[in-house]
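Below are the chains, spelled out letter by letter.
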Amino acid sequence: MIHAPATQARAKDAEPRHGPDTPPRPSDPKTRGRRENLAGYLFLSPWIAGFLLLTAGPMAASLYFAFTDYNLFDAPRWIGLDNFSEMFGDPRWRHSVRVTLWYVVVGTPVKLLVALGVALLLAQKRRGQAFYRAAFYAPSLIGASVSVAIVWKAIFSDDAIVDRTQKAFGVDAGGWTGDPDLVIYSLVALTVWQFGAPMVIFLAGLKQVPRELYEAADVDGAGRFRQFWNITLPMISPVLFFNVLLETIHSFQIFSAAYIVGGGAGGNACGPADGSMVYTCYLYVQGFENSRMGLASAMAWMLLVAVALVTAVLFRSQKRWVHYEEGGR
């Protein structure tokens, strides 16, 4: 009885002064979502600013300049569709379209054929496989550089390696870069030499083909060509479509190689007798050498429309020849 009050007093002191502890309330989902969105936009802000200032802004400006007479020095003057009508009536513009289409139609398939052939060879297990893959891929890393284009021009010039090799076989055709009929073939050779990137993509696709299909084909007596046609091509058709799409777009955008191999500045920017005058090279001539930026902008937008149409045709055609694993097309 004597110690009861002291025990009760200690029990009262042990209780918290502000009442019992309560678990914290969960935060509002809407508030948490706003904070996460704000953090995401904050991290994306450098890319958004770069896109608006370096891509969307210049594109909108070039679309406006396409309908103006603008020479980089005076204020643009609105002329409507005059740039487009002049462009369609220009024989050099039509020639650049023909040269570009020839380059795309010839260079792209040859490059993909070489890439697929080398990929089929490298897909087989052999000694030094990693070295060969790296060696064949290396030109794709440096092929687009200006230094390689300068070396390429030297190789195909008069009395250079290619010219001397031709003469050794009794062909006196001269240097390719100085011949209006042959300079475009040197550009095709340069783009084919850069087959490393599509080759790597083809290799990745070939690795995904089940070996059981080839074993079953061997049992049925199918030869190598029949296996390639009925098994390999259908199985890698999505990869083939991807390479065709990328390489076609890339071929339409060729500029540095054509400008340098063709001759560069000094009145010969598009090759001898306009032999290597691809579309982008003539666009450069009109925009920067002739200071007709309005006409060059109109040409650039025509190129964008052409590439978009070709891309749409390719996507529509894939339903007929591209096979996917789930059996659809």
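Counting of residues starts from 1 at the beginning of each chain's written sequence and follows it residue by residue. Selection of residues for local features in this predicted model requires a pLDDT of at least 70, selection of side-chain atom pairs for listing and counting requires 80 or more, and totals for whole chains, interfaces and linings are taken over all residues. For the side-chain quantities, the full set of heavy atoms in the structure was used; hydrogens and water were omitted.

Brief notes about the pattern of salt bridges
Here, a salt bridge means any side-chain nitrogen of Lys or Arg that lies within 4 Å of a carboxyl oxygen of Asp or Glu. This model, assessed by the stated rule, comprises six salt bridges. Of the charged contacts in the structure, one is a salt bridge between Glu86 and Arg292, with a shortest N-O distance of 2.6 Å. One end of the pair, Glu86, is in helix α3 (residues 82–89); the other, Arg292, is in the loop between α14 (279–289) and α15 (293–321), and 206 residues separate them in sequence. Burial status follows relative accessibility: with a 1.4 Å probe on protein chains alone, a residue under 20% of its type maximum counts as buried, one over 50% as exposed, and anything between as partly exposed. According to the relative accessible area criterion, Glu86 is partly exposed, its value standing at 36%. Note that Asp274 is salt-bridged to Arg92, the shortest N-O span being 3.0 Å. In this pair, Asp274 is assigned in the loop between α13 (256–262) and α14 and Arg92 in helix α4 (residues 91–122), connecting sequence segments 182 residues apart. The way it works is that DSSP assigns letters per residue, a run of H or I at least four long becomes a helix, a run of E at least two long becomes a strand, and they are numbered from the N terminus.

Section: the environment of Ala300
By the secondary structure assignment, Ala300 is in helix α15. Separated by 17 residues in sequence, Ala300 and Leu283 have C-alpha atoms that sit 7.2 Å apart.

Some details on the packing of helix α2 (residues 29–65) against α15
Only the stretch in contact is used when fitting a helix axis, every axis being a line fitted to C-alpha atoms; angles between N-to-C directions are given from 0 to 180 degrees. Two elements in contact, α2 and α15, have axes separated by 8 Å at closest approach and are oriented at 115 degrees. Considering the angle they form, α2 stands roughly perpendicular to α15. When you trace α2 past α15, the crossing you get is left-handed. When α2 is examined against α15, the residues Met59, Ser62, Leu63 and Phe65 are found in contact with a partner set consisting of Gly294, Ser297, Trp301 and Leu304. In these notes the angle categories are as follows: under 35 degrees is roughly parallel, over 145 is roughly antiparallel, 65 to 115 is roughly perpendicular, and the rest is oblique. It is the rotation of the near helix from the far one that decides the hand of a crossing: anticlockwise by less than a right angle makes it left-handed, clockwise makes it right-handed. Throughout, a contact is declared for two residues whenever any of their heavy atoms are within 4.5 Å.

Considerations on the side chain of Asp90
Mapped onto the elements, Asp90 comes out in the loop between α3 and α4. For the buried residue Asp90, which engages in no salt bridge, the nearest side chain bearing the opposite charge is Arg92, 6.1 Å off. N or O atoms within 3.5 Å of each other form a polar contact, as long as, within protein, one can give a hydrogen and the other can take it, and as long as residues adjacent in sequence are counted only when both atoms are side-chain atoms. Engagement of the side chain of Asp90 in a polar contact is seen with the backbone nitrogen of Arg92, the distance being 3.1 Å. At a separation of 2.3 Å, a polar atom in the side chain of Asp90 contacts the side chain of Tyr282. Those residues within four positions of Asp90 in sequence are excluded, and the remaining contacts are Tyr282 and Gln286. Positive charges come from Lys and Arg alone, negative charges from Asp and Glu alone, with His and the N- and C-terminal ends not counted.

Section: the packing of aromatic side chains
Centre distance and the angle of the planes are the two values used to describe a pair of aromatic rings. Aromatic pairs are defined between Phe, Tyr and Trp rings, using the six-membered ring for Trp, whenever the two ring centres lie within 6.5 Å; interplanar angles under 30 degrees are classed as stacked, those over 60 as edge-to-face, and all others as tilted. Scanning all chains against the criterion turns up 21 aromatic pairs. Seen in terms of ring centroids, Phe88 and Trp93 are 5.4 Å apart; in terms of plane orientation they differ by 70 degrees. Their pairing is edge-to-face. For Phe88, a relative accessible area of 41% translates into the label partly exposed. Plain terms: the ring middles of Phe255 and Tyr259 are 5.4 Å apart, the flat faces sit at 20 degrees to each other, and that makes the pair stacked. With a relative accessible area of 27%, Phe255 lands in the partly exposed category.

Overview of a positive patch on the surface
A residue counts toward a patch only above 30% relative accessible area and without a salt bridge, and it is joined to like-charged neighbours within 9 Å or, for Val, Leu, Ile, Met, Phe, Trp and Tyr, to nonpolar neighbours within 5 Å. Residue-level accessible areas treat just the shown protein chains as cover; the underlying method is Shrake-Rupley with a 1.4 Å probe. The location of each charge is read from NZ of Lys, CZ of Arg, CG of Asp or CD of Glu. A cluster of basic side chains, namely Lys125, Lys207, Arg211 and Arg224, defines a positive patch on the protein surface. Position of Arg211 among the secondary structure elements: in helix α10 (residues 211–219).

A word on the side chain of Glu247
Within the secondary structure layout, Glu247 lies in helix α12 (residues 237–252). When neighbours within four sequence positions are excluded, Glu247 is seen to be in contact with Thr108, Lys111, Leu112 and Pro198.

Remarks on the nonpolar core
Buried Ala, Val, Leu, Ile, Met, Phe, Trp, Tyr and Cys residues that are joined via side-chain atoms within 4.5 Å together make up what is termed a nonpolar core. With 42 residues, the main nonpolar core has Met87, Leu187, Tyr279 and Met299 as its most contacted residues. Other than its neighbours up to four places away in sequence, Leu187 contacts Tyr103, Ala257, Ala258, Val261 and Ser276.

Brief notes about the environment of Ala144
Within the secondary structure, Ala144 is located in the loop between α5 (129–142) and α6 (146–155). Here Ala144 falls in the exposed class, since its relative accessible area comes to 56%. Along the sequence, Ala144 and Ile254 sit 110 residues apart, while their C-alpha atoms lie 9.5 Å from each other.

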